[in-house]
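Letter by letter, the chains look like this.
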Amino acid sequence: TFLGFVSPINNEGKALMAIKASFSNVANMLLDWDNVHNNDFCSWRGVICDNVSFSVVSLNLSNLNLGGEISPALGDLRNLQSIDLQGNKLGGQIPDEIGNCASLAYVDLSTNFLFGDIPFSISKLKQLEFLNLKSNQLTGPIPATLTQIPNLKTLDLARNQLTGEIPRLLYWNEVLQYLGLRGNMLTGTLSPDMCQLTDLWYFDVRGNNLTGNIPESIGNCTSFEILDVSYNQITGVIPYNIGFLQVATLSLQGNRLTGRIPEVIGLMQALAVLDLSDNELIGPIPPILGNLSFTGKLYLHGNKLTGPIPPNLGNMSRLSYLQLNDNELVGTIPPELGKLEQLFELNLANNHLVGPIPSNISSCAALNQFNVHGNFLNGSIPLGFRNLGSLTYLDLSGNNFSGSIPSTLGDLEHLLTLNLSRNQLNGPLPAEFGNLRSIQIIDVSFNFLAGVIPSELGLLQTINSLILNNNKIHGKIPDQLTNCFSLVNLNVSFNNLSGIIPTMKNFSHFTPASFFGNPFLCGNWVGSICGPSK
Amino acid sequence: RLMSNRRFGGPGSSPPTCRSKCGKCQPCKPVHVPIQPGLSIPLEYYPEAWRCKCGNKLFMP
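Rules behind the numbers
Residues numbered from 1 in each chain as written. Chains lettered and ligands numbered in written order. Predicted model: local features only at pLDDT ≥ 70, side-chain atom pairs only at ≥ 80, totals over all residues. Heavy atoms only, no water. Contact = heavy atoms within 4.5 Å. Buried area = accessible area lost by both parts, 1.4 Å probe. Salt bridge = Lys/Arg side-chain N within 4 Å of Asp/Glu carboxyl O. Helix = DSSP H or I, 4+ residues; strand = E, 2+ residues; numbered from the N terminus. Nonpolar A, V, L, I, M, F, W, Y, C, P; charged D, E, K, R; others polar. 1 Å grid on protein atoms, 1.4 Å probe; cavity = no way out; pocket = protein on both sides within 12 Å on 5 of 7 lines; lining within 4 Å. Points joined across faces, edges and corners; volume = space filled by probe spheres on them. Core = buried A, V, L, I, M, F, W, Y, C linked by side-chain atoms within 4.5 Å. Buried < 20%, exposed > 50% of the residue type's maximum accessible area, 1.4 Å probe, protein only. Phe/Tyr/Trp six-rings, centres within 6.5 Å; stacked < 30°, edge-to-face > 60°. Lys NZ or Arg CZ within 6 Å of the ring centre and 35° of its normal. Pairing = 2+ DSSP bridges. Axes fitted to C-alpha atoms, helices over the stretch in contact; angles between N-to-C directions.

**Some points on the interface of chain B and chain A**
Right, so step 1: Each partner contributes residues to the interface: chain B has 24 residues there, and chain A has 35 residues.
Right, so step 2: Roughly 2,500 Å² of surface becomes buried between chain B and chain A when both sides are summed, with 52% attributable to carbon and sulfur atoms.
Right, so step 3: For the pair chain B and chain A, the interface holds 2 salt bridges.
Right, so step 4: Tallying contributions element by element places strand β2 (residues 48-54) of chain B first for the side of chain B that touches chain A, with 4 residues.
Right, so step 5: Within the side of chain B that touches chain A, the residues separate by chemical class into 11 nonpolar, 8 polar and 5 charged.

The structure is reproduced here in structure tokens:
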């Protein structure tokens, strides 16, 4: 029967109208999708047709703020090769009918609110090369049938709520190049079969619930450029065979790895990023890591590493991030670190380091963040810090530094945070701190600072916290401090301040707790020399 | 693969040489690039890979 027969073109036009009907927020975005006023659907926004057959081959409606759902009518676009709906607000499930679009090679439905399972019907798409369902709310398992797609090169299912194991069959794919599974709830272990992915360069299972060990045979994954298994619950030691990898990024952080850092890692010169942080690694930092002269980021923090900081690390000439904090490192800070001209962040906090900060550190001209909090460092604050003009974060707190605060710290005009608290610093608070025009936090509490609060601090228009408590500062609180209109956190308690506390502007918000322990300071609280009497 | 340093059959790797990987463009040098498909500015810590760079063009090693 020919009843109800329509030409294929009209049929696809109807399908497009049905697709539009199940979207919401279409009023402005799909204005020209209107079969009454313009039935040439090949001219509609985001629609591309074949030149000869006038059949829809591509649908690109990305980032149009579309709501609603994806209509099952999508399955009527039988010649569709590419669909891109990423970056909308589409809810509902991925229609099973997508499996009818047998020519689909490119599917991007990422960054929407799609929920439900990944339909098995996707496995019928034998031409599919690119499947991106990242950043949705998909649940259920990764369909093992995805392995039936012979040409799949990119599979990105990151940031959903997928559960179950990574299907082992998925690993027996010689064309897959990109596997992005980060940010799901996948369980099970890393299978040795993963090295059967002989064309894969991107392997990312960061932030799942994977358990078990790193397979002994990991070194066979020689095509991998990126191996990210971070933030899972992987246990056991880092196998020696890891040294056979050719990766640029080795991210093993946030697991429960034990044992030592294998020396063989020092031979992996292709490493751009080595992140072993937040594990349970013990033993020393192998000096051979200093051979990694092309590495830009070395993160070993949050382990139980012992022994000294190897001076060889000064040979890592491309290093921009060095984080060794929160370990049990001993000895002194090697002056060789001063050779790291590209170093951006140096974090040695919470170790057992002793001795002074070597003056060579001031050669690290690119240094932006320097943190040695919570060690046993002593000596004076190096005058050379004035050369570190890019510093935004300087934390020397919780050490045994002594002597006076160099006035040249006031030259660090990009400084946002300056924490010198809990040391044995004496002398005055430099008036030059008034030049710290970007500063947000100054904390010099728990030292032996004397002198007065410099009135120049009133110049600090960005300061949020001024913490001066538990020193021996005397004199008046300068009225100029009331000009610091960003100041919300002031603590001058337990000093030898005297006179009357200013009451203007933001000073009306500070509670007595900001001023306690200054017996000669006059404020409006019970017990103050001029306060209300009991 | 290209980064292979297996001449001696042992472990270890080295960066790509980028020799004749940028077509006719010179100089062609290996660089680290963050890999975050679909976004030009990384929103969080993302892995890095080696690419060959000439001017402001990137090529596969």
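Having put the structure on the table, let's press on.
**Concerning the layout of surface pockets**
Residue and element names in this part refer to chain A.
Right, so step 1: A volume near 210 Å³ is recorded for the second largest pocket.
Right, so step 2: In this structure, the second largest pocket is lined by 14 residues; those nearest its centre are Ile 501, Thr 503, Phe 510, Gly 523 and Asn 524.
Right, so step 3: Its residues assigned to classes, the lining of the second largest pocket shows 9 nonpolar, 5 polar and no charged.

**Section: the nonpolar core**
Right, so step 1: Leu 59, Phe 203 and Phe 370 of chain A are the most contacted members of the largest nonpolar core, which has 150 residues in total.
Right, so step 2: For this core, the leading source of residues is helix α1 (residues 8-22) of chain A, giving 3 residues.
Right, so step 3: Sequence-distant contacts of Phe 203 of chain A, that is, excluding residues within four places in its chain, are made with Tyr 171, Leu 179, Leu 190, Met 194, Leu 197, Phe 224, Ile 226, Leu 227, Asp 228 and Val 229 of chain A.
Right, so step 4: One finds Trp 201 and Ile 226 of chain A together with Tyr 46 and Ala 49 of chain B within the second-largest nonpolar core, a separate group that totals 8 residues.

**Digging into the packing of aromatic side chains**
Right, so step 1: Following the criterion strictly, the structure yields 15 aromatic pairs over all chains and no others.
Right, so step 2: Considering the side-chain rings of Phe 41 of chain A and Trp 44 of chain A, the 6.1 Å spacing of their centres and the 65° angle between planes classify their relative orientation as edge-to-face.
Right, so step 3: Judged by its relative accessible area of 3%, Phe 41 of chain A falls in the buried class.
Right, so step 4: Here Phe 294 of chain A and Trp 50 of chain B contribute two aromatic rings whose centre-to-centre distance is 6.3 Å and whose plane-to-plane angle is 75°, an arrangement assigned as edge-to-face. You can see Phe 294 of chain A sitting in the loop between β15 (273-275) and β16 (297-299) and its partner Trp 50 of chain B sitting in strand β2, one on each of two chains.
Right, so step 5: Aromatic ring contacts, followed pair by pair, group Trp 33, Phe 41 and Trp 44 of chain A into a single cluster.
Right, so step 6: Its guanidinium or amino end placed over the ring of Phe 446 of chain A, Arg 422 of chain A lies 3.9 Å from that ring's centre, counting from NZ or CZ.
Right, so step 7: The lysine or arginine in question, Arg 51 of chain B, covers the ring of Trp 201 of chain A, its NZ or CZ lying 5.1 Å from the ring centre.

**Re the sheet that holds strand β3 (residues 57-59) of chain B**
Residue and element names in this part refer to chain B.
Right, so step 1: Across the sheet, which stays open at both edges, the 3 strands sit in the order β1-β2-β3 with antiparallel pairing between neighbours. Edge strands, defined here as strands with exactly one partner in the open sheet, are β1 (29-34) and β3. Going from strand to strand, the sheet's axes swing by 50° on average, the running direction of each strand aside.

**Description of empty space enclosed by the protein**
Right, so step 1: According to the stated counting rule, one finds 1 cavity of 30 Å³ or more in the structure shown.
Right, so step 2: Roughly 40 Å³ of internal volume is contained in the largest cavity.
Right, so step 3: Lining of the largest cavity is provided by Lys 134, Asp 156, Ala 158, Tyr 178, Gly 180, Arg 182, Tyr 202 and Asp 204 of chain A together with Tyr 46 of chain B.

**Things to note about the side chain of Asn 469 of chain A**
Right, so step 1: Among the structural elements, Asn 469 of chain A can be located in the loop between β27 (465-467) and β28 (474-475).
Right, so step 2: When residues no more than four places from it in sequence are discounted, the contact partners of Asn 469 of chain A are Ser 445, Phe 446, Asn 491, Val 492, Ser 493, Phe 494 and Asn 495 of chain A.

**Focus: the environment of Pro 502 of chain A**
Residues and elements named next belong to chain A.
Right, so step 1: Turning to its location among the elements, Pro 502 is positioned in the loop between β30 (496-500) and β31 (520-522).
Right, so step 2: Residue Pro 502 is classed as buried on the basis of its relative accessible area of 5%.
Right, so step 3: Considering only alpha carbons, one finds Pro 502 and Thr 482, 20 residues apart in sequence, at a separation of 7.4 Å.

**Side note on unusual backbone geometry**
Most peptide bonds adopt trans geometry, and most residues besides glycine take a negative phi value.
Right, so step 1: Gln 26 of chain B connects to Pro 27 of chain B through a cis peptide bond whose omega is -10°.
Right, so step 2: Note on placement: Pro 27 of chain B falls in the segment before β1.
Right, so step 3: Unlike most non-glycine residues, Tyr 231 of chain A shows phi in positive territory, near 55°.
Right, so step 4: Locating Tyr 231 of chain A in the fold gives a position in the loop between β13 (226-228) and β14 (249-251).
Right, so step 5: Of note in this structure, Lys 505 of chain A is not a glycine but carries a positive phi near 50°.
Right, so step 6: Relative to the helices and strands, Lys 505 of chain A is located in the loop between β30 and β31.

**Section: the sheet that holds β28 of chain A**
For sheets, the rule is that strands pair by backbone hydrogen bonds, running either parallel or antiparallel.
All names here are of chain A.
Right, so step 1: Judged by pairing direction, the sheet is parallel, and its 3 strands sit side by side in the order β28-β30-β31 without closing on themselves. Either end of the sheet is taken by a strand with one partner, and the two such strands are β28 and β31.
Right, so step 2: Sheet analysis places β30 next to β31, joined by 3 bridges and oriented parallel. Paired with Ser 498 across the strands is Phe 520, a residue of β31.

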